[in-house]
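Observations on chain architecture
Next come the chains, spelled out residue by residue.
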Amino acid sequence: MTAAMTTTSDTLDRPSAAAPAVRDGGRPSSAGRPTRSGVERPSLLATGILLLGALYCLLPVVWVLIAASKSPDELFSTFSLAPSTHLVDNIRDLFTYRDGLFFRWAGNTVLYAVGGALASTVVSAAAGYGLAKFAFRGKKLLFNLILAGVLLPAVILAVPQYLLFAQMGLANTYWAVFLPSILNPYGIYLARIYAGASIPTEMIEAARTDGAGELRIFGQFAIPMMLPGLVTVFLFQFVGIWNNYMLPYIMLGDDELFPITVGLSTLMNQGASQPAMYTTVITGALVSIIPLIALFLILQRYWQTDLTAGAVKS
């Protein structure tokens, strides 16, 4: 009985290991827990830098939206960030210019961007899968050449491509813009990296053992596993073709084949003699970025799924 009381007394007098130490005045000590200043200051700094970067990227979009709401006179006589009420009129003028030529430019841009991005994604997926999962002679050299193509600016190839297509009789046609967009070294590089990380070699060997052919393995197993990465390749290529200016400017001479970038550039050149065209160009630029925003909002769920899967795997 005496031993039990002694043990109980010692237990009550000894501070618990889970209980925080108490300073004078009844406040718990901060020993054993991270300081708030050491944790919050870097996060606040990083958040501030990200906010500044977001504002820097969004400011041109805000300016385009505000400028598109002004009349030609207000565009040069009022404060840059002061909105007006002429947005609907400017959109109507844009859509009725030369019997709706802007719609033709928009259709051409969709054709170039969607067709080129889809074809480029398929080629990138096949090439990246082959480089990641097959062993063949010259594989390393080929991959290094692809990396060199990533570092090579596309504008350098525009003039040689024009001379080549002119000799083939394809200059000033849809093919002159579509065909050069299919091969994208950066897309092949991304597909190769993603295929190597997401497709288990054991799965490929098991499928071969079961008698599946290489095309079936690629289409039925590899493509679904690579889908989040291929969405990224598609979006990068889509945005690149949608915003491409130099290639169609060199390749095309008929304004009915122009994409939006080249078409708005021709309107900009008319602004020196017709100042009202500046407002039309700005309104066209505003309308042209709406599909890019919509595409990002639609496809972002694939990136979120990919990030979640990566977090579970890790």
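Residues numbered from 1 in each chain as written. Predicted model: local features only at pLDDT ≥ 70, side-chain atom pairs only at ≥ 80, totals over all residues. Heavy atoms only, no water.

**Looking at the pattern of salt bridges**
Our working rule: The term salt bridge refers to a pairing of a side-chain nitrogen on Lys or Arg with a carboxyl oxygen on Asp or Glu at a separation within 4 Å. Strands here mean DSSP runs of E at least two residues long; helices mean DSSP runs of H or I at least four residues long; both are numbered from the N terminus. Think of it in three bands: residues with accessible area under 20% of the maximum for their type are buried, residues over 50% are exposed, and the middle band is partly exposed, with areas taken using a 1.4 Å probe on protein chains only.
One pass over the full model with this rule turns up four salt bridges. Close ionic contact of Arg92 with Asp89 constitutes a salt bridge, the shortest N to O distance being 2.9 Å. With Arg92 and Asp89 both in helix H4 (residues 87–96), this residue pair falls three residues apart, about one helical turn. The class of Arg92 is partly exposed, set by a relative accessible area of 46%. Residue classification places Asp89 among the partly exposed positions, given a relative accessible area of 34%. Between Arg98 and Asp255 there is a salt bridge, with its nearest N and O atoms 2.8 Å apart. Of the two residues, Arg98 sits in the loop between H4 and helix H5 (101–133) while Asp255 sits in the loop between helix H12 (246–251) and helix H13 (260–269), which places them 157 residues apart along the sequence. The class for Arg98 is partly exposed, based on a relative accessible area of 47%.

**Some points on the environment of Phe143**
As a reminder of what qualifies: We call two residues in contact when some of their heavy atoms are within 4.5 Å.
Mapping Phe143 onto the fold places it in helix H6 (residues 139–151). Residue Phe143 is classed as buried on the basis of its relative accessible area, which comes to 16%. The contacts of Phe143, once residues within four sequence positions are left out, are Leu131, Tyr189 and Arg192.

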